[in-house]
Amino acid sequence: MLRTTSSRFCLILTLSLALAPSLLSAKGTKAAKDARVYFISPADGETVSGPFICRFGLRNMGVTHAGDDFAGSGHHHLLIDVDETMQAGEAIPRDKKHIHYAAGETEARIELPPGKHTLQLVLGDTKHLNFDPPVVSEKIMITVGKSSGEEQARATRSTNERRKLMERAAAPSEPLPLQPAVTPEMTKSPESSDFISRVFSGAR
Ligand SMILES: [Cu+2]
């Protein structure tokens with residue numbers, strides 16, 4: 001009896017030791033095979049001016065809301081100027097450099113200060129954790145042009161100037177000289193003078 005119990009214990013211990021490595025390596029939700037996240041736009045090396053639309057692409061997995069636990073799906077995160085490498089099962093930070101698109105957005109309007117910036121996409125699971133293995137895009141670099149602000153300021157200036165001109169035209173500060181409805185030549189016409197004299201005198 002004692003021998004049987006110790007044999008069972010040894011069997012359980014052996015099985016536990018055999019399973020332990022696989023249990024320890026299970027970090028986060030399993031990513032789908034061949035899952036790929038990528039930028040549709042902007043392109044790597046592109047120069048943008050002012051706010052731009054960033055479009056997220058995903059293959060072999062689906063996009064859903066954070067909190068939805070559908071197999072093989074997750075939500076996008078945009079990493080701006082982030083150097084750290086994502087680890088399987090690691091929580092994706094929530095700050096200005098790690099933007100969560102928890103409503104399942106597949107594009108976003110981004111506004112960055114002028115200069116060079118890196119962008120990277122990361123797909124997170126229902127709890128905002130990295131998949132195992134992490135589903136991350138290539139890191140791209142974009143340049144935000146300085147001219148964007150200047151162009152906007154110039155456009156605003158010209159619009160304001162146009163508005164001022166229109167207002168001035170609609171309400172002139174000095175009254176325009178009245179144009180005579182009848183030219184002096186017409187009033188001097190002998191025929192018309194004769195006709196008016198005859199009407200007022202009752203002559204026919
Ligand atoms: Cu998230």
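Keep in mind it's a predicted model, so treat the numbers as computed, not measured.

Trainee: I'd like a rundown of the overall build of the chain, residues and numbers included.
Mentor: Of the regular secondary structure elements, the chain holds four helices and ten strands. Traced from its N-terminal end to its C-terminal end, the chain shows the element sequence α-β-β-β-β-β-β-β-β-β-β-α-α-α. Relative to all contacts within the chain whose residues are 6 or more apart in sequence, the contacts with residues 24 or more apart total 68%. Taken as a whole, the chain presents about 14,600 Å² of accessible surface, with 59% of it coming from carbon and sulfur.

Trainee: Talk me through the nonpolar core; I want residue IDs and the actual numbers.
Mentor: Within the largest apolar cluster, 23 residues are counted, with the highest numbers of intra-cluster contacts made by Phe52, Cys54, Leu78, Ile110, Leu112, Leu119 and Ile142. Elements that contribute at least two residues to this core include exactly β1 (36-41), β3 (52-59), β5 (73-80), β7 (107-110), β8 (115-124), β9 (130-136) and β10 (140-144). Ranked by residue count, the leading element in this core is β3, at four residues. Residues contacting cysteine 54, with those up to four places away along its chain left out, are Phe39, Ser41, Pro42, Leu78, Thr106, Glu107, Ala108, Ile110 and Leu119. Core analysis: the second largest hydrophobic core is formed by five residues, Leu79, Met86, Ile92 and Val122 among them.

Trainee: Account for the coordination of the copper ion, naming residues and giving values.
Mentor: Note on the copper ion: its protein donors are His75 (NE2), His77 (NE2), His100 (ND1) and His128 (ND1). The metal-donor distances range over 2.0 to 2.1 Å. Seen from the copper ion, its four donor atoms lie at angles of 90 to 155°, and the figure they make is irregular. All donors of the copper ion come from a single chain, and their spacing in sequence reads H-x1-H-x22-H-x27-H. In this pair, histidine 77 sits in strand β5 while histidine 100 sits in strand β6 (residues 98-100), placing the two residues 23 residues apart along the sequence. Among the residues examined, histidine 77 registers a relative accessible area of 0% and is labelled buried.

Trainee: Tell me what's going on with the pattern of salt bridges, and back it up with residues and numbers.
Mentor: One side chain can pair with another of opposite charge once the charged atoms of both are near each other. One pass over the full model with this rule turns up three salt bridges. With a shortest N-O distance of 3.9 Å, aspartate 83 and lysine 139 are connected by a salt bridge. Highlighted residues: aspartate 83 in the loop between β5 and β6 and lysine 139 in the loop between β9 and β10, separated in sequence by 56 residues. Taking relative accessible area as the criterion, lysine 139 reaches 35% and is therefore assigned partly exposed.

Trainee: Which residues make up the environment of isoleucine 80, and what values do they have?
Mentor: With respect to the helices and strands, isoleucine 80 occurs in strand β5. Residues isoleucine 80 and lysine 96, 16 residues apart in the sequence, show an inter-C-alpha distance of 7.9 Å. Discounting residues that sit within four places of it in the chain, isoleucine 80 has contacts with Lys96, Lys97, Ile99, Leu112, Thr118 and Leu119.

Trainee: Let's hear about the side chain of threonine 126: which residues, and what values?
Mentor: By the element assignment, threonine 126 lies in the loop between β8 and β9. With a relative accessible area of 17%, threonine 126 lands in the buried category. A distance of 3.1 Å separates the side chain of threonine 126 from the backbone nitrogen of glycine 67, its partner in a polar contact. Setting aside residues no more than four positions away along its own chain, threonine 126 makes contact with Ala66, Gly67, Asp68 and Asp69.

Parameters and conventions
Residues numbered from 1 in each chain as written. Predicted model: local features only at pLDDT ≥ 70, side-chain atom pairs only at ≥ 80, totals over all residues. Heavy atoms only, no water. Helix = DSSP H or I, 4+ residues; strand = E, 2+ residues; numbered from the N terminus. Contact = heavy atoms within 4.5 Å. Areas by Shrake-Rupley, 256 points an atom, 1.4 Å probe, with all protein chains shown as cover. Core = buried A, V, L, I, M, F, W, Y, C linked by side-chain atoms within 4.5 Å. Buried < 20%, exposed > 50% of the residue type's maximum accessible area, 1.4 Å probe, protein only. Donors = N, O, S within 2.8 Å, 3.2 Å for Na, K, Ca; no water. Tetrahedral: all angles 85-135°; square planar, octahedral: opposite > 155°, others 65-115°. Salt bridge = Lys/Arg side-chain N within 4 Å of Asp/Glu carboxyl O. Polar contact = N/O pair within 3.5 Å; in protein donor to acceptor, adjacent residues only side chain to side chain.

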